[in-house]
Amino acid sequence: MERIRPLPAPAVAALLLAAAVALRTADFGNPVIHVDEQYYLLVGERLLHGALPYVDIWDRKPIGLFLLYAGAAALPGDDILGYQLLACLSAAATAALVFASALRVGASRTGAIAAAIAYLVWLPLLGGRGGQAPVFYNLPVTAAAWLTLRLPSLERRPDAIVVNGLAACLLAGLAIQLKPTAAFEGAFFGLAHLWWLWRSGARAKLVPAVSLWLLAGAAPTLAAAFVYARLGHFDAWWFANLTSILLRPPYPASELAMRLLGIAAELSPLILCAVVAWRRRRARSAAERGLAFLWLGTALVGFAAIGTFFDHYALPLIAPLAVPAAIAFGRHPRALIGALGLGLLLVVVERAFVPNDGPGAREVARVVAANDRGGCPYVFIGDTITYSLGDACLPTAYAFPNFLAYTTEQGATGIDEAAEVRRILAGRPPVIVTSTRRLDIWNRASLAALKAALVRYRPVFSVPRAQYRTVVYLRRDLAFRN
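Residues numbered from 1 in each chain as written. Predicted model: local features only at pLDDT ≥ 70, side-chain atom pairs only at ≥ 80, totals over all residues. Heavy atoms only, no water.

Asks: Would you explain the sheet that holds strand β4 (residues 468-475) in this entry?
Replies: Strand pairs in the sheet, formed through backbone hydrogen bonds, run parallel or antiparallel to each other. Strand order in this open sheet of four strands is β1-β2-β4-β3, and the pairing throughout is mixed. Because the sheet does not close on itself, it has two edges, and the strands there are β1 (378-379) and β3 (457-465). Of the pairings in the sheet, the one linking strand β2 (residues 431-435) to β4 comprises five bridges and is antiparallel in character. Looking across to β4, one finds that Ile432 is bridged to Tyr473. (Pairing = 2+ DSSP bridges. Helix = DSSP H or I, 4+ residues; strand = E, 2+ residues; numbered from the N terminus.)

And the structure:
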């Protein structure tokens, strides 16, 4: 029995929004939360100015993600703060759906609220402090999951199942245009609706319903393909969105194992609570709980399919873990206090050890802008936000440094990466940004080209960046402007 008076839904929503803001406010305006979102913002900004993703500026993420960032950049005010506020709202809305989904699987209101807060707490622990793609695509996926959890209550209403499935598959289709791995969860949502429609006895509706759901799920991707085909760049779209993903070479097995262990350790409180819920799956809401665990299973498949196991690739696991964990939170106060307490402690500890590199990144951009002489600076390795903050032109369509500098991208971009580096350097960029970072995954030919070119440059500025330093080099025939 609940010991506190249940909060009404608007109060729960306000609480979750306040929690999201409290957990993220320290990063508002920080331009270097993560290298990925710096680049997403750059692509979104250039898209607003007429650049065509995959042609004028290259990446392999779906167009929906860049349209979202373009929308954030189009908002009044600072582009960086704009996408971060949008990410904060998305996180809070997803947490509200975790709350609603937890109630559907039979969790108490206290457990559901705790699960929703846990979702917000674990986002920054797995690299979701800012605007990583899953921070946004978890919203439509969790909404589709909530719709799918309604299926047991719709068993005798086949028409309602068809409409419910249409909405769930469309949401999944939108999510796929933010991150392709959402296709695994989308397939589950569709199959779950198919099963419950079959159970309803409406056999004549199966084929038209499945056709409708498939069309809804594929529509956003088909629309993107159609637009690029009309523009004459279907091949570029296809290569970036599919072929290049398959061409990426793997990371060393030992490195992958360490990443996977780290993710498992970070998620262990939620995993243990979900295990407790699994052991009670025969209780009330058993059908909904079964659907919730199947959702978790398909999310795990999507996580494993990428195979690189960066921490932010585990962000899609948080919501499907938090929903069943809510059952344990509601039944075992110690589990609630222990899990949330540990999560919050880890957030505080991590925050204490993460250096504030934002001011240094802004200084780098200021120095680059003051010395580019109207030419295009080149960030060989460093923060792509330098191009945005410095309002600089791009020397290459492959402006994300990893594409040209790392062996983990070698052969997957569709070009000779070292040849592209030599082409850029042959243009004698006025400024080159690099770092003192030491890695085992340098593209050696690209690095050799850089070192050969740097004899014509001199270092003029340096700032700390994580465990290394960012260094700005100026061409020797140019006078330094501070």
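Asks: Would you mind going over the pairing of β3 with me for this structure?
Replies: The side chains of a regular strand alternate between both faces of the sheet. Inspection of the sheet shows β3 paired to β4 by eight bridges, in the antiparallel sense. Residue pairing for β4: Pro464 is matched across the bridge by Arg469. Remark: two residues form the turn of the hairpin made by β3 and β4, two consecutive strands paired antiparallel; Ala466 in that turn has positive phi of roughly 60°.

Asks: Can you walk me through the side chain of Gln132 in this structure?
Replies: Structurally, Gln132 is set in the loop between α5 (109-125) and α6 (133-148). A distance of 3.0 Å separates polar atoms of two side chains, one belonging to Gln132 and the other to His34. Contacts of Gln132, omitting those with residues within four sequence positions, involve His34, Asp36, Glu37, Tyr40, Tyr69, Gly127, His312 and Leu315. (Polar contact = N/O pair within 3.5 Å; in protein donor to acceptor, adjacent residues only side chain to side chain. Contact = heavy atoms within 4.5 Å.)

Asks: How should the layout of surface pockets be read in this particular structure?
Replies: To locate leftover empty space, one rolls a probe as large as a water molecule over the atoms. Looking at the largest pocket, its volume works out to about 1,600 Å³. In terms of lining residues, the largest pocket is bounded by 50 residues, among which Ile33, His34, Val35, Asp311 and Arg437 are the most central. Secondary-structure elements contributing two or more residues to the lining of the largest pocket are α2 (35-48), α5, α11 (253-279), α14 (333-353), α17 (401-405) and β4. Counting residues per element, the lining of the largest pocket draws most heavily on α2, at five residues. Among the residues forming the lining of the largest pocket, the class breakdown is 23 nonpolar, twelve polar and 15 charged. One number sums up the size of the second largest pocket: a volume of about 790 Å³. Lining the second largest pocket are 27 residues; nearest its centre among them are Pro180, Thr181, Asn241, Leu242 and Ile245. Mapped onto the lining of the second largest pocket, the elements with two or more residues apiece are α8 (182-199), α10 (234-247) and α12 (286-306). A total of six residues in the lining of the second largest pocket trace back to one element, the largest contributor, which is α10. (1 Å grid on protein atoms, 1.4 Å probe; cavity = no way out; pocket = protein on both sides within 12 Å on 5 of 7 lines; lining within 4 Å. Points joined across faces, edges and corners; volume = space filled by probe spheres on them. Nonpolar A, V, L, I, M, F, W, Y, C, P; charged D, E, K, R; others polar.)

Asks: It is not clear to me how helix α15 (residues 358-371) should be interpreted in this structure. Could you clarify?
Replies: Three- or four-residue spacings in an α-helix give side chains the same orientation, since the helix completes a turn every 3.6 residues. In this model, α15 (14 residues) spans 20 Å end to end at C-alpha, consistent with the 20 Å of a helix rising 1.5 Å per residue. All buried positions along α15 are accounted for by Gly358, Gly360, Ala361, Val364, Ala365, Val367, Val368 and Asn371. In this structure, the buried residues of α15 make contact with α16 (385-389), β2, β3 and β4. Backbone geometry just downstream of α15 places Arg373 in the positive-phi region, at approximately 55°. (Expected span 1.5 Å × (residues − 1). Buried < 20%, exposed > 50% of the residue type's maximum accessible area, 1.4 Å probe, protein only.)

Asks: In this structure, what is going on with the environment of Cys88? I would like to understand it.
Replies: Inspection of the secondary structure puts Cys88 in helix α4 (residues 79-104). Contacts of Cys88, omitting those with residues within four sequence positions, involve Ala20, Val21, Arg24 and Phe28.

Asks: Before we go on, may I ask you to explain the pattern of salt bridges in this structure?
Replies: Two side chains bearing opposite charge may form a pair once their charged atoms approach each other closely. Scanning the model with the defined rule gives 13 salt bridges in all. As a salt-bridge pair, Arg60 and Glu409 come within 3.0 Å of each other at their nearest N and O atoms. On the criterion of sequence distance, the pair formed by Arg60 in the loop between α2 and α3 (63-74) and Glu409 in the loop between α17 and α18 (417-426) is long-range, its members being 349 residues apart. The pair Arg60 / Glu409 is uniform in exposure class, with both members buried. Look at the salt bridges and you will find they share partners, linking Asp27, Arg129 and Arg351 into a network. (Salt bridge = Lys/Arg side-chain N within 4 Å of Asp/Glu carboxyl O.)

Asks: What is the right way to look at the packing of α11 against α12 in this model?
Replies: Two numbers describe a pair of packed helices, the interaxial angle and the distance between the axes. Taken N-terminus to C-terminus, the directions of α11 and α12 make an angle of 165°; their axes are 13 Å apart at the nearest point. Taken together, the axes of α11 and α12 are roughly antiparallel relative to one another. As α11 runs across α12, the sense of the crossing is left-handed. Packed against α11, whose contacting residues are Leu260, Ile263, Ala274, Ala277 and Trp278, the element α12 presents Arg289, Phe293 and Phe303 at the interface. Here the residues of the contact of α11 with α12 sort into seven nonpolar, no polar and one charged. (Axes fitted to C-alpha atoms, helices over the stretch in contact; angles between N-to-C directions. Parallel < 35°, antiparallel > 145°, perpendicular 65-115°, else oblique. Left-handed = near helix turned anticlockwise from the far one by under 90°.)

Asks: What is the right way to read the packing of aromatic side chains from this model?
Replies: The geometry of an aromatic ring pair is captured by the separation of the ring centres together with the interplanar angle, meaning the angle of the planes. Inspection of every chain in the model, using the stated rule, returns 24 aromatic pairs. Aromatic pair Trp278 and Phe293: ring centres 5.1 Å apart, planes at 80°, arrangement edge-to-face. You can see Trp278 sitting in helix α11 and its partner Phe293 sitting in helix α12, a full 15 residues away along the chain. In this structure Trp278 comes out as partly exposed when scored by relative accessible area, which is 42%. Of the residues examined, Phe293 reaches a relative accessible area of 14% and is grouped as buried. Ring centres 6.1 Å apart and planes at 80° place the aromatic pair Tyr378 and Phe380 in the edge-to-face group. Across this residue pair, the class does not change: Tyr378 and Phe380 are buried. (Phe/Tyr/Trp six-rings, centres within 6.5 Å; stacked < 30°, edge-to-face > 60°.)

Asks: Is there a simple way to think about the nonpolar core in this case?
Replies: Within soluble globular proteins, side chains that are nonpolar tend to cluster in buried spots. In this structure, Leu120, Leu267, Leu270, Ile318, Phe329 and Phe380 are the most contacted members of the largest nonpolar core, which totals 158 residues. Residues contacting Phe380, with those up to four places away along its chain left out, are Pro401, Ala405, Val421, Val433, Thr434, Trp442, Ser446, Leu447 and Leu450. (Core = buried A, V, L, I, M, F, W, Y, C linked by side-chain atoms within 4.5 Å.)

Asks: Is there a simple way to think about unusual backbone geometry in this case?
Replies: One can expect most non-glycine residues to show negative phi and most peptide bonds to be in trans. One non-glycine residue, Phe309, lies in the positive phi region at around 60°. On the secondary structure map, Phe309 appears in the loop between α12 and α13 (318-331). We note that Ala466 has phi near 60°; this positive angle belongs to a residue other than glycine. One can find Ala466 in the loop between β3 and β4.

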